[in-house]
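What follows is each chain in one-letter form.
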Amino acid sequence: MKKILVLHTGGTIAMSADESGNVTPGDENPLDNYQSSFGTNIELETEDVFNVPSPHITPARMLQLKQRIDKAAHEGVDGVVVTHGTDTLEETAYFLDLTLPNELPVVITGAMRSANEIGSDGLHNLETAIQTASTPDAAEKGVLVVMNDEIHSARYVTKTHTTNVATFRTPTFGPIGLVANKGIVFFESLLRSTVCPIQTVTDNVFLIKAYAGMGPELFDAIAQPTTHGVVIEALGAGNLPPATLPAVQKLLDMQIPVVLVSRCFNGIAQDVYAYEGGGVQLKQMGVIFYQLKLKILLIDQILTNEPGNICFVKQVTVTN
């Protein structure tokens, strides 16, 4: 028998629509009344860690989840499922993927329709997430996001639609597995997994999106001693309007880490263009290029500068 820990955090999957049609959290989580259909094959242990809409999720709450999962790994649990609101699900999933050892299966799921809506997807997603977490093949694949019968790597998945149940997609790569009628099917694994065993989070790391005609104002506003880092979603392959350059240089002169990703949905950020504001100049200035658009906080409020806080990279074999 497999033992699966289910951690509820709130979100649409735990909400219901009222008489006026507004979807709100209730005093009780409807998932607490869930009756497992797995019989004696799976033992479920459930906890309500918190019950909040996902825009209320903070890095501190992400760390709280991480610490509870760390504890579960020493309690004889075979896998963990986290239910979560979808608005910031990808941030929490990526945070856990970076900070948890790549050993115990951890699956995050949610819902696009509240519990009392026709066609509610919450219970189905919960069951498929439990099924995935109890599968031995789910181990050493990093944190997984299971929605709409697809299994995605937390490292790359993103929400692509405001209301559609098929909202979670992985640009460029696609899902790494499927929930089929006869079980879980994996056909890909991560090439590598980065583990950052942190114990604290930091604040004042800012995410700024570049746009045509952008000036220095936003960068000037955050050029403060209290700023711990900046992530820029740059144009194209990794370029910025020339008017931003003096302000970016000021941040670098203040020893504030500046990390650059692309605002593009697909592709990678590279130092390709040598014109003013192009990636070549930005890299020479000291801007750190990060290849993929991984919408979380670089550092994005998870990496600290504490001694001994080292990120380990673990090689993983690709399976086809």
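One can find the structure itself at the top, above this paragraph.
All values derive from a computational prediction rather than experimental measurement. (Residues numbered from 1 in each chain as written. Predicted model: local features only at pLDDT ≥ 70, side-chain atom pairs only at ≥ 80, totals over all residues. Heavy atoms only, no water.)

Draft legend 1. A look at the sheet that holds strand β11 (residues 177-180). Strand order across the open sheet formed by eight strands is β4-β1-β5-β6-β7-β8-β11-β12, with mixed pairing between neighbours. A single partner strand is all that each edge strand has here, and the edge strands are β4 (42-48) and β12 (183-186). Within this sheet the neighbouring strands show an average axis-to-axis angle of 25°, counted without direction. Judged from the five bridges that link them, strand β1 (residues 2-8) and strand β5 (residues 79-83) form a sheet pairing that is parallel. Bridge pairing in β5 links leucine 5 to valine 80. On top of the sheet, helix α2 (residues 89-99) reaches β6 (106-109) and β7 (144-147); it is set at about 175° to β6, its chief contact. Across the sheet, helix α3 (residues 122-133) lies against β1, β4, β5, β6, β7, β8 (150-153), β11 and β12, angled at about 160° from β5, the strand it touches most. (Pairing = 2+ DSSP bridges. Helix = DSSP H or I, 4+ residues; strand = E, 2+ residues; numbered from the N terminus. Axes fitted to C-alpha atoms, helices over the stretch in contact; angles between N-to-C directions. Contact = heavy atoms within 4.5 Å.)

Draft legend 2. Expanded view of helix α1 (residues 59-72). For α1, built from 14 residues, the straight-helix expectation of 20 Å at 1.5 Å per residue is met to within 8% by its first-to-last C-alpha distance of 20 Å. Among all positions in α1, only Pro59, Met62, Leu63, Leu65, Lys66, Arg68, Ile69 and Ala72 are buried. The inward-facing, buried residues of α1 contact β1, β4, β5, α2 and β6. (Expected span 1.5 Å × (residues − 1). Buried < 20%, exposed > 50% of the residue type's maximum accessible area, 1.4 Å probe, protein only.)

Draft legend 3. Seen up close, the sheet that holds strand β14 (residues 205-209). If you walk across this open sheet you meet the four strands as β14-β15-β16-β17, and the pairing is parallel. Lying at the two open borders of the sheet, with one neighbouring strand each, are β14 and β17 (288-289). Of the pairings in the sheet, the one linking strand β15 (residues 229-234) to strand β16 (residues 258-262) comprises five bridges and is parallel in character. Counterpart to valine 230 in the pairing with β16 is valine 258.

In short, the description is geometric, and any link to function would need to be established separately.
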